[in-house]
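Listed below are the residues making up each chain.
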Amino acid sequence: MLLQLLTALAALAGAACSLLAEGSGAGAVSGILPFTAGGFIYLGTVSVIPEILRNSGPAQALLQLLALLAGVAMMLLIAHYE
């Protein structure tokens, strides 16, 4: 329960920081966005890759890993051309 409380407090702190940085312009966004995206990619890969490798054969795991990397590549393209 303590870890859930810490997670909730961190979420509130993140929301407060984003609200405070909202009027700061592009400088704040360019610093916060990569940090947030990297956190989501890290959490996604840490929780998804072991599950992929455990429950499927090598060919299926390779296809799923390629799909995950394609998703990351699409995010990079969207961020680049935005």
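Residues numbered from 1 in each chain as written. Predicted model: local features only at pLDDT ≥ 70, side-chain atom pairs only at ≥ 80, totals over all residues. Heavy atoms only, no water.

- The name an unreviewed UniProt entry gives the chain is Zinc transporter SLC39A7, with Oriolus oriolus as the organism.
- Regarding the chain, the UniProt comment filed under Catalytic activity (unreviewed entry) reads as follows: "Zn(2+)(in) = Zn(2+)(out)". (UniProt positions renumbered as here; feature names shortened; annotations may be inferred.)

**Concerning the overall build of the chain**
Here is step 1 of the chain: Looking only at helices and strands, the chain features three helices and zero strands.
Here is step 2 of the chain: When the helices and strands of the chain are read in sequence order from the N terminus, they spell out α-α-α.
Here is step 3 of the chain: Relative to the 2.2 N^0.38 estimate, which gives 12 Å for 82 residues, the radius of gyration of the chain is 17 Å and therefore markedly larger than a compact globule would have.
Here is step 4 of the chain: Oriented by its inertia axes, the alpha-carbon framework of the chain measures out at about 50 × 40 × 10 Å.
Here is step 5 of the chain: When each of the 82 residues of the chain is scored for burial, the buried share is 5%.
Here is step 6 of the chain: In the form shown here, the chain has an accessible surface area of approximately 6,800 Å², with 77% of it arising from carbon and sulfur atoms. (Helix = DSSP H or I, 4+ residues; strand = E, 2+ residues; numbered from the N terminus. Rg over C-alpha atoms; globule rule 2.2 N^0.38 Å. Buried < 20%, exposed > 50% of the residue type's maximum accessible area, 1.4 Å probe, protein only. Areas by Shrake-Rupley, 256 points an atom, 1.4 Å probe, with all protein chains shown as cover.)

**Comments concerning the environment of Gly 39**
Here is step 1 of the chain: Tracing the backbone through its elements, the reader meets Gly 39 in helix 2 (residues 26-55).
Here is step 2 of the chain: Residues Gly 39 and Ala 73, 34 residues apart in the sequence, show an inter-C-alpha distance of 16 Å.

**Here we look at the confidence of the model for the chain**
Here is step 1 of the chain: This prediction gives the chain a mean pLDDT of 78; 90% of its residues lie at or above 70.
Here is step 2 of the chain: When pLDDT is averaged over each element of the chain, helix 3 (residues 58-81) comes out on top at 84 and helix 2 at the bottom at 74. (pLDDT = per-residue confidence, 0-100.)

**A closer look at the UniProt feature "transmembrane region" (unreviewed entry) in the chain**
Here is step 1 of the chain: Listed under "transmembrane region" (unreviewed entry) in the UniProt record, and renumbered for this structure, are residues 31-49 and 61-81.
Here is step 2 of the chain: Secondary structure content for residues 31-49 is 100% helix and 0% strand, while the C-alpha to C-alpha distance between its ends is 27 Å.
Here is step 3 of the chain: A distance of 30 Å separates the end C-alpha atoms of residues 61-81, which is 100% helix and 0% strand.

**A few points about the UniProt feature "signal peptide" (unreviewed entry) in the chain**
Here is step 1 of the chain: Following the UniProt record, the feature "signal peptide" (unreviewed entry) maps to residues 1-17 here.
Here is step 2 of the chain: In residues 1-17, the share of helix is 94% and the share of strand is 0%. The end C-alpha atoms are 24 Å apart.

**Things to note about the environment of Val 48**
Here is step 1 of the chain: With respect to the element layout, Val 48 can be found in helix 2.
Here is step 2 of the chain: You can call Val 48 partly exposed: its relative accessible area is 31%.

**Comments concerning a nonpolar patch on the surface**
Here is step 1 of the chain: Together, Leu 2, Leu 3, Leu 5, Leu 6, Leu 9 and Leu 12 line one region of the surface with nonpolar side chains, adding up to about 660 Å² of accessible area.
Here is step 2 of the chain: Among the structural elements, Leu 12 can be located in helix 1 (residues 2-21).
Here is step 3 of the chain: The exposure class of Leu 12 is exposed, given its relative accessible area of 59%. (Patch = residues over 30% accessible without salt bridge, like charges linked within 9 Å, V, L, I, M, F, W, Y side chains within 5 Å. Salt bridge = Lys/Arg side-chain N within 4 Å of Asp/Glu carboxyl O.)

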